[in-house]
Amino acid sequence: MGETVETDPTTEQLGAVRTAIDEIDEEIVALIWRRERLVRLAGGLKDDDAQVRARDRVEEVINHVREAAEAQEQDSTVVEKTYRAMIDAFIDYELRTRREDETQAKLDAFSRS
């Protein structure tokens with residue numbers, strides 16, 4: 001007869017929590033992708049790198065998400081730190097894509113000449 005292995009309830013709960021976190025992470029990744037598309041669109045509407053960095057806009061976004069977190073009784077410090085990291089990454093992304101777009105435009109102009 002086979003032996004029955006007892007499973008620790010804490011281990012089972014931890015596994016279920018981790019599965020739920022993985023599902024949420026997939027939702028977050030999808031939302032980041034949506035935000036990335038909008039950032040790229042916005043980047044095309046800006047005239048220079050200063051508009052990309054837009055520190056006043058960064059603080060506006062931070063204040064908005066902190067207020068949203070507080071309204072939901074979340075830890076607004078965690079939300080702020082997460083958003084600051086995300087915004088920094090998106091600024092880097094937007095600057096990089098602006099450079100790529102500018103380079104492509106120059107190449108296109110050269111090939112037409």
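Up top is the structure these notes are about.
On a predicted model such as this, the values are computed, not experimentally measured, just so you know.

**Topic: the overall build of the protein chain**
Within the protein chain one finds 4 helices and 0 strands. Order of helices (α) and strands (β) in the protein chain, N terminus to C terminus: α-α-α-α. A compact globule built from 113 residues would reach a C-alpha radius of gyration of about 13 Å, whereas the protein chain, at 22 Å, exceeds it by more than 25%. Oriented by its inertia axes, the alpha-carbon framework of the protein chain measures out at about 80 × 40 × 15 Å. Relative to its 113 residues, the protein chain shows a buried fraction of 19%. In the protein chain, 75% of the contacts between residues at least 6 apart in sequence involve partners at least 24 apart. Summed over all atoms, the accessible surface of the protein chain reaches about 9,200 Å², with 54% contributed by carbon and sulfur. Once the 17 positive and 28 negative side-chain charges of the protein chain are each reduced to a mean point, those two points are 10 Å apart.

**Thoughts on the packing of helix α3 (residues 55–71) against helix α4 (residues 76–112)**
Viewed as axis vectors pointing N to C, α3 and α4 meet at an angle of 150 degrees, and their least axial separation amounts to 9 Å. Seen from above, α3 lies across α4 with right-handed handedness. On the side of α3, the interface is formed by Arg-55, Val-58, Glu-59, Val-61, Ile-62, Val-65, Arg-66, Ala-69 and Glu-70, while α4 contributes Ser-76, Thr-77, Val-79, Glu-80, Tyr-83, Arg-84, Ile-87, Asp-88 and Ile-91.

**Quick word on the environment of Leu-41**
With respect to the helices, strands and loops of the structure, Leu-41 is situated in helix α1 (residues 9–44). Sequence separation between Leu-41 and Thr-19 is 22 residues, and the spatial gap between their C-alpha atoms is 34 Å.

**Let's talk about the pattern of salt bridges**
Under the counting rule described, the total for this entry stands at 9 salt bridges. The salt bridge involving Glu-70 is made with Arg-66; its shortest N-O contact spans 3.8 Å. Of the two residues, Glu-70 and Arg-66 both sit in helix α3, 4 residues apart, roughly one turn of that helix. For Glu-100, the salt bridge identified is with Arg-96, shortest N-O distance 3.9 Å. In this pair, Glu-100 and Arg-96 are both assigned in helix α4, 4 residues apart and thus about one turn of the helix distant. The partly exposed category is assigned to Glu-100, whose relative accessible area is 43%. For Arg-96, a relative accessible area of 44% corresponds to the partly exposed category.

Thresholds, definitions, all that
Residues numbered from 1 in each chain as written. Predicted model: local features only at pLDDT ≥ 70, side-chain atom pairs only at ≥ 80, totals over all residues. Heavy atoms only, no water. Helix = DSSP H or I, 4+ residues; strand = E, 2+ residues; numbered from the N terminus. Rg over C-alpha atoms; globule rule 2.2 N^0.38 Å. Buried < 20%, exposed > 50% of the residue type's maximum accessible area, 1.4 Å probe, protein only. Contact = heavy atoms within 4.5 Å. Areas by Shrake-Rupley, 256 points an atom, 1.4 Å probe, with all protein chains shown as cover. Lys, Arg positive; Asp, Glu negative; His and termini not counted. Charge placed at Lys NZ, Arg CZ, Asp CG, Glu CD. Axes fitted to C-alpha atoms, helices over the stretch in contact; angles between N-to-C directions. Left-handed = near helix turned anticlockwise from the far one by under 90°. Salt bridge = Lys/Arg side-chain N within 4 Å of Asp/Glu carboxyl O.

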